[in-house]
Amino acid sequence: MDPFNKKYFYLIKIQYLGYRFHGWQKQPNVKTLHLMVDRTLNFIMEDKYFKSLASGRTDAMVSAEETAVELFLHEPIEDFDAFLELFNRNLPQDIRALTIKEVDAKFNIIQSSKIKEYLYLFACGDKFHPFCAPILTTILDDLDIELMKQGAKLFEGEHYLKTYCYKPSNSGIYTRKTLTCEIVENTIYTASFFPKKTYLLRVRGKGFMRNQIRLMMGTLIDLGKGKLTIKDIEDTLIPENTIRMEYIAPASGLILKSLQFE
């Protein structure tokens, strides 16, 4: 049978802690999330043909509370609950499958319209417990959080965002729409070793460029430190500007919170 003559299509929602992985995409000689997912699928499928595609790629150390993988098979999955149990039993501890459902051949996980919500978790003003490191970025300096809140709101709406793309090309599409961009106090994630007050940047949109949110967060951190002004950020949003921002916030504070297909 032609391995590309796919007959059964499934959408699997997963979550993972990305701290010890070199991102999603398979790469030579390093441990990646896609490698571990496919290795586990190969084991539980007992070497039967399968193919998996992700809704997008995350960088090294970036985590996801909800993302998705499309699974292509020649034979149907008869019992979803049993499949999930077997899949989770064999996945590494820092990856978990949440749900599975069948989709049709028209569904395309890459091209289907979707809204992604990212959170960037941070605290400032001290050196905090090392256990925070996998999901919380620590800024040793004090930050002007209220000014950062004003700065974050500047990104909402449709703007020219080439400044916030890592190594942009001359042919990219850089006018993008951001549905939500705000800094709020973190009440979502808690731990006994967290500092008393933590914050998060929440960003929602249909698509993001490479390192876009980390560049935005780095810019807001520099704003909070007094290295940049509100006008500096406004200038980066002017169409066809050539301003570059150099500070990319650490990857481990970034979490893909949710993925919604429209």
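Structure first, text after, so check above.
Now for a look at the structure at hand.

The rules we used
- Residues numbered from 1 in each chain as written.
- Predicted model: local features only at pLDDT ≥ 70, side-chain atom pairs only at ≥ 80, totals over all residues.
- Heavy atoms only, no water.
- Helix = DSSP H or I, 4+ residues; strand = E, 2+ residues; numbered from the N terminus.
- Rg over C-alpha atoms; globule rule 2.2 N^0.38 Å.
- Buried < 20%, exposed > 50% of the residue type's maximum accessible area, 1.4 Å probe, protein only.
- Core = buried A, V, L, I, M, F, W, Y, C linked by side-chain atoms within 4.5 Å.
- Contact = heavy atoms within 4.5 Å.
- Patch = residues over 30% accessible without salt bridge, like charges linked within 9 Å, V, L, I, M, F, W, Y side chains within 5 Å.
- Areas by Shrake-Rupley, 256 points an atom, 1.4 Å probe, with all protein chains shown as cover.
- Salt bridge = Lys/Arg side-chain N within 4 Å of Asp/Glu carboxyl O.
- Axes fitted to C-alpha atoms, helices over the stretch in contact; angles between N-to-C directions.
- Left-handed = near helix turned anticlockwise from the far one by under 90°.
- Nonpolar A, V, L, I, M, F, W, Y, C, P; charged D, E, K, R; others polar.

**Looking at the overall build of the protein chain**
Counting its secondary structure elements, the protein chain contains five helices and 10 strands. Compactness check: the protein chain gives a C-alpha radius of gyration of 20 Å against a globular reference of 18 Å for 262 residues, within 12% of the reference. For the protein chain, the spread of C-alpha atoms along the principal axes amounts to about 60 × 45 × 35 Å. For the protein chain, buried positions account for 49% of its 262 residues.

**Some remarks on the nonpolar core**
Counting residues in each nonpolar core, the largest one holds 64 residues, and the members touching the most others are F83 and L201. Looking at this core, the element that brings in the most residues is helix α4 (residues 212-225), giving seven residues. Setting aside its immediate chain neighbours within four residues, F83 contacts I12, L41, I44, M45, L71, I77 and I100. Counting residues in each nonpolar core, the second largest holds 10 residues, with L121, L136, F194 and I255 among its members.

**Remarks on a nonpolar patch on the surface**
A surface patch of nonpolar side chains, about 230 Å² in accessible area, is lined by L17, Y19 and M61. Looking at the secondary structure, you find Y19 in the loop between β1 (8-16) and α1 (33-44).

**Examining the environment of G56**
Residue position: G56 is located in the loop between β2 (50-54) and β3 (63-73). Residue G56 is classed as partly exposed on the basis of its relative accessible area of 27%. Separated by 54 residues in the primary sequence, G56 and I110 place their C-alpha atoms 7.0 Å from one another.

**Some points on the packing of helix α3 (residues 145-153) against α4**
Axis separation between α3 and α4 bottoms out at 8 Å; the angle between their running directions is 145 degrees. Once α3 is placed against α4, the crossing between them reads as right-handed. Along the contact surface, α3 presents L147, M148, G151 and A152, while α4 presents M217, L220, I221, L223 and G224. Tallied by class, residues from the contact of α3 with α4 come to seven nonpolar, two polar and no charged.

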